[in-house]
Amino acid sequence: MASEKNPLITPLFIPAQAAGNDIISGDKKCVESSMVLEEEIYFSSHDTAREFVKVLKDLGISSQIRQKFSLDVRLMLSGTYKNLTAMFDTVISNPDVTEEESELFSMAREHLAPQRDVIAQALDKYQVGDRVGSGLMDLVTGDRTLDGDESEDTLEKIIEEVYLTRLLHLNELLDIREDGLVLSKKIEPDESTLTVFADEIPEIRDEILEKFNIISTITAGDDAEFLVSVGPEFVFLENLDSIGEFIEEYEIDEEDVASFFPRLQIKHILVSEILAMIKEEGKVSREDVIGEFANRDIEAQEDGSRIALHLNGDYIDAVLDDLKKAGILKGKDQKLRIAV
């Protein structure tokens, strides 16, 4: 139902990404609790994931690779440049549209002009029957390869060709022939068909879309990632340099990965401090360990920096369970001691 505040738009949630299912071998998929000392890291490349597993194996750390598929679901609006800009002008001029909504619509409108200009420049440059995107097609057919030492200008030109051929293909302006892609016909640039991802803007009512002949389409693409589960043995290493060097060497700087190595470090220091306390006391109660390490600061030995732990008792309790499972600690809750 349309909002009374804004008759042109209504709230709609389109998930940018739908959760996928893990691909697990075997006849059954069992759900069981994992050890809190374990860690996980995602890689986009299977080869990189396997290289990381080799590093872990050399360090005596258990690991497992699982492939995970997810769906990238998006809502896309498509229409001619003329119709899309006219539609955005209409919703922007509506007095009921908020300032924030107007800014989002304006940004989407601004992205249309560069696309239209790329098409216009191509139609000025090429005549019907001319080959388009020759560098790109040479790569596809294998007539040309990238050796890794190409200049930025060369790579930028290839990227521009990919972008251009996508726009021309969308407008059905290309024919595929033996000698490559050729321009099949010409159109007025303002009549070129363009697309806008609508999950980045407020929803526009169906009546408005129909008025300007805009088509709404839900697109779904698959995305594969490789999850490496890292066993808890890393907490007993003297240092984590090999793991840190691998992360740096492969320039793995995605947001999720960026916190992976610090998580290892925190757990490494936490376990070291817990074991040092138990070793000094000989025997300690579970309650004393929890009281000592929940919500406290730790002095890091490496550089003198302080690490503030905001961990509740349940987390410390689970760490102690993991240490007992690993055979590092033994004894009852009132008399925990080091087993090795």
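Residues numbered from 1 in each chain as written. Predicted model: local features only at pLDDT ≥ 70, side-chain atom pairs only at ≥ 80, totals over all residues. Heavy atoms only, no water.

Asks: Summarise the overall build of the protein chain; cite the residues concerned and give the values.
Replies: If you tally the helices and strands in the protein chain, you get 12 helices and 13 strands. Looking at the protein chain as a whole, 36% of its 340 residues are labelled buried. Taking the contacts inside the protein chain whose residues are at least 6 apart along the sequence as the reference set, 76% of them involve residues at least 24 apart. (Helix = DSSP H or I, 4+ residues; strand = E, 2+ residues; numbered from the N terminus. Buried < 20%, exposed > 50% of the residue type's maximum accessible area, 1.4 Å probe, protein only. Contact = heavy atoms within 4.5 Å.)

Asks: Summarise the confidence of the model for the protein chain; cite the residues concerned and give the values.
Replies: Looking at the protein chain, pLDDT values average 80 and 79% of them are 70 or higher. Here strand 2 (residues 22-23) stands out as the least confident element of the protein chain, with mean pLDDT 34; helix 2 (residues 81-93) is the most confident, with 96. The low-confidence segment residues 1-33 (pLDDT under 50) makes 58 contacts with residues lying over four places distant or belonging to another chain. (pLDDT = per-residue confidence, 0-100.)

Asks: Outline the pattern of salt bridges, supporting the account with residue identities and numerical values.
Replies: Summed over all chains, the structure comprises 15 salt bridges. A salt bridge links R74 to D199, with the nearest nitrogen and oxygen atoms 3.0 Å apart. Within this pair, whereas R74 is found in strand 4 (residues 63-80), its partner D199 is found in the loop between strand 7 (193-197) and strand 8 (203-204), the two being separated by 125 residues in sequence. When its relative accessible area of 19% is taken as the criterion, R74 is described as buried. Across the salt bridge formed by R116 and D190, the nearest N and O atoms sit 2.9 Å from each other. Remark: D190 occurs in the loop between strand 6 (180-183) and strand 7 and R116 occurs in helix 4 (residues 112-125); sequence separation between them is 74 residues. Put simply, R286, D317, D321 and D333 are held in one network by salt bridges that share partners. (Salt bridge = Lys/Arg side-chain N within 4 Å of Asp/Glu carboxyl O.)

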